[in-house]
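Residue strings, one per chain:
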Amino acid sequence: MKKVHEVILSPEEAFDQDHFIDHLYQKAHISKNSGDVIVPIKRSIDARGKQVKVRVQYELHPKTLAEKLITYNKENLPDVNNARQVIIVGCGPAGMFAALKLIEDGIKPIILERGKDVRARRRDLAAINKEHMVNPDSNYCFGEGGAGTYSDGKLYTRSTKRGDVRRILEILVAHGAKDEILFDAHPHIGTNKLPNVVSAIRETILAAGGEIHFDSRIIDFMLEEDNIKGVKTQHGDIINGEAVILATGHSARDIFHLLHHKKIHIEAKPFALGVRAEHQQNLIDRIQYHCETDRGAYLPASSYALVHQAKFKGKERGVFSFCMCPGGFIVPSATAPGEVVVNGMSPSRRDSRFANSGIVVAVNLEDLKAYEKFGPLAALYFQQEIEQKACSIAGGKQTAPAQGLQDFVNGKVSASLLDTSYQPGLASVDMRAVLPDFIFESLREGFKAFGNKMKGYLSNEAQIVGVESRTSSPVRIPRDKESLEHPQIKGLFPCGEGAGYAGGIVSAAMDGERCAEAVFKFLGA
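In this report, the structure presented in the accompanying data block is examined. (Residues numbered from 1 in each chain as written. Predicted model: local features only at pLDDT ≥ 70, side-chain atom pairs only at ≥ 80, totals over all residues. Heavy atoms only, no water.)

## Overview of the pairing of strand β7 (residues 218-224)
Two strands pair when backbone bridges link them, and β7 and strand β8 (residues 227-233) are joined in this way by 6 bridges, in the antiparallel orientation. Within β8, the residue paired with leucine 223 across the bridge is isoleucine 228. Counting the residues in the hairpin turn of β7 and β8 gives 2 residues, including glutamate 225, whose phi is positive at 55°. (Pairing = 2+ DSSP bridges. Helix = DSSP H or I, 4+ residues; strand = E, 2+ residues; numbered from the N terminus.)

Structure, rendered in structure tokens:
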């Protein structure tokens, strides 16, 4: 195992893109003309003291070996034009990385995506923001690249035991992401860069002989007894394959209904629901970096991670920040008319004047007694009802219900709201009318605790926007722990966020690869 070295750089040295490596050699007292090459493996901000510093860990490698440190090569994929076919439902991270892995194993993937390619998808996003028109098949959740394409592009994951994180990052770099994601402690690509990376992955899949079909929503599974043989699209086309990887994402409610209708076993799953808190980024910077005015030219927009155990009617439940987007925007993430859902995204430079984060409350199955009649869809109906209530109370379009943060805690409707990054606009409402009591009260307690942890966080210089409800899938599609195959339907492989086995781009991508490997074993290829 290589020895890991560490140096401390100033923000100016660490985040000067043109001279970062030069500064690293200087601080390490190593000549660039020596026989060794510095390979950074982790860059992290240390803001614990008054003076912010950046810790950089690195390894030393001989020049002759340094070029071999990147192991992934997209040029070495086999031609699968005439190979055995496997269907992948969904073109998000799980589906795309499953396709790449199948190709490596000599299997032809056929991806069926209900939405549009990244370029065409932009017009539907503009329609949501400007005209409040939601296309159920093409929106911030559905389309090429999935929900992650138009998000912050966070690549941090705690699921390091579920796959090879480094490999996923190398594949992204091979398709156009900056190589700094290989060593940043909290890597991200940015919503303005991700579409090009996604397009490049598509081209790799097509060049190897794989297929991707957009505007292809699945309306039925072709079953022979307990074996899946293919799928049927809304156009009436039946596509056959030797296995099906179901990687639909967490918002494909029609797929959950279809599975339930066909008596294919699914389960209600706990998730989390709450609001998005929006602050001025400068305020968060001053709190996190201990600066008097602004963060300066080199430090990136600061983030935060908060958690609190709230108590409601004698029971504790988690309240926590989710998908924090520094220098970002709040976006409308509904997948059907008549509902309001919000999410966050950030461009690669994270240069918006706003910071936003989901602040959500754990929803457990015992909270859903009133929805038990819906069986495994109980959490889905609970989620949907709140989204529809948010839409109705805010005017019936994509205008989102909102409240000043201090007003929310004090139980007061805000006389006015602040400027916002949420393009469809905000309506001042009493969020108690939107949120169930256990979520409302837990959030109030959580925000008070967060205000004690971060002085200045709790004030009417911030506001909350509702609702943040698509944190994870409200349904789990079961699978065998070893084979990853559905226990009831042979050849069906539930995958990624929609099936309940991932959360975020990297963990979904890793799960896609695992499912592809499981399919390879299933086929005996």
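## Here's the deal with the pairing of strand β3 (residues 53-62)
Moving residue by residue along a regular strand, the side chains alternate between the two faces of the sheet. Across 5 bridges, the pairing between strand β1 (residues 5-9) and β3 is antiparallel. Residue pairing across strands places valine 7 opposite valine 56, the latter belonging to β3. As paired strands, strand β2 (residues 36-46) and β3 are joined by 10 bridges and run antiparallel to one another. Looking across to β3, one finds that aspartate 36 is bridged to proline 62.

## So, the sheet that holds β7
Strands sit in the order β7-β8-β9 across an open sheet of 3 strands; the sheet is antiparallel. The open sheet has two edge strands, β7 and β9 (238-240), and neither has a second partner. Recorded for the sheet is a direction-independent mean angle of 30° between the axes of neighbouring strands. With 3 bridges connecting them, β8 and β9 associate as antiparallel partners. Within the sheet, the bridge partner assigned to valine 231 lies in β9 and is isoleucine 239. (Axes fitted to C-alpha atoms, helices over the stretch in contact; angles between N-to-C directions.)

## Some words on the nonpolar core
Membership of the largest hydrophobic core comes to 57 residues, with the highest contact counts inside it found for Leu172 and Ile245. Of all the secondary-structure elements, those providing two or more residues to this core are β4 (85-89), α4 (93-104), α5 (118-131), α6 (165-174), α7 (194-207) and α14 (505-523). Tallying contributions element by element places α14 first for this core, with 10 residues. Tyr304, Ala379, Tyr422 and Val429 belong to the second-largest nonpolar core, a separate cluster that totals 53 residues. (Core = buried A, V, L, I, M, F, W, Y, C linked by side-chain atoms within 4.5 Å. Buried < 20%, exposed > 50% of the residue type's maximum accessible area, 1.4 Å probe, protein only.)

## Concerning α7
An α-helical turn contains 3.6 residues, so any two residues separated by three or four positions project in the same direction. With 14 residues, α7 extends 20 Å from end C-alpha to end C-alpha; this agrees with the ideal 20 Å at 1.5 Å per step. Among the residues of α7, those classed as buried are Leu194, Pro195, Val197, Val198, Ser199, Ile201, Arg202, Thr204 and Ile205. Those residues of α7 that are buried are in contact with α4, β5 (108-112), α5, α6, β6 (211-213) and α14. (Expected span 1.5 Å × (residues − 1). Contact = heavy atoms within 4.5 Å.)

## Details of the packing of α6 against α14
For any two helices packed against each other, one specifies the inter-axial angle together with the distance between the axes. Relative orientation of the contacting elements α6 and α14 amounts to 100°, with a least axis distance of 10 Å. Classified by the angle their axes make, α6 and α14 are roughly perpendicular. For the pair α6 and α14, the contacting residues are Val165, Arg167, Ile168, Leu169 and Ile171 in the first and Val506, Ala509, Met510 and Glu513 in the second. A class-by-class count of the residues in the contact of α6 with α14 yields 7 nonpolar, no polar and 2 charged. (Parallel < 35°, antiparallel > 145°, perpendicular 65-115°, else oblique. Nonpolar A, V, L, I, M, F, W, Y, C, P; charged D, E, K, R; others polar.)

## Here's the deal with the packing of helix α8 (residues 253-261) against helix α10 (residues 378-393)
At a minimum axis separation of 12 Å, α8 and α10 run at an interaxial angle of 145°. When you trace α8 past α10, the crossing you get is left-handed. Here α8 contributes Arg253, Phe256 and His257 to the contact with α10, which in turn contributes Leu380, Tyr381, Gln383, Gln384 and Glu387. Its residues assigned to classes, the contact of α8 with α10 shows 3 nonpolar, 3 polar and 2 charged. (Left-handed = near helix turned anticlockwise from the far one by under 90°.)

## Thoughts on the environment of leucine 377
Among the structural elements, leucine 377 can be located in the loop between β17 (354-363) and α10. For the pair leucine 377 and methionine 454, spaced 77 residues apart in sequence, the C-alpha to C-alpha distance is 38 Å. Once residues lying within four places of it in the same chain are set aside, the contact partners of leucine 377 are Phe256, His257, His260, Ile266 and Val475.

## Description of the sheet that holds strand β10 (residues 244-246)
Sheet strands pair via backbone hydrogen bonds, and the direction of the pair is either parallel or antiparallel. Overall, parallel pairing links the 5 strands, which are arranged β6-β5-β4-β10-β22 in an open sheet. At either end of the open sheet lies a strand with only one pairing partner, and these are β6 and β22 (492-494). Strand-to-strand twist of the sheet, defined as the mean angle between neighbouring strand axes without regard to direction, takes the value 20°. In terms of strand pairing, β5 meets β6 through 3 bridges, oriented parallel. Bridge pairing in β6 links isoleucine 111 to isoleucine 212. Set on the sheet, α4 makes contact with β4, β5 and β10; between it and β5 the angle comes to about 165°.

## Side note on the environment of glutamine 85
Mapped onto the secondary structure, glutamine 85 falls in strand β4. The sequence separation of glutamine 85 and arginine 217 amounts to 132 residues, and the corresponding C-alpha distance is 19 Å. Look past the residues within four positions of glutamine 85 in its chain and what remains in contact with it is Lys108, Ile110, Asn240, Gly241, Glu242 and Ala243. A polar contact of 3.5 Å, which involves the side chain of glutamine 85, links it to the backbone oxygen of asparagine 240. (Polar contact = N/O pair within 3.5 Å; in protein donor to acceptor, adjacent residues only side chain to side chain.)

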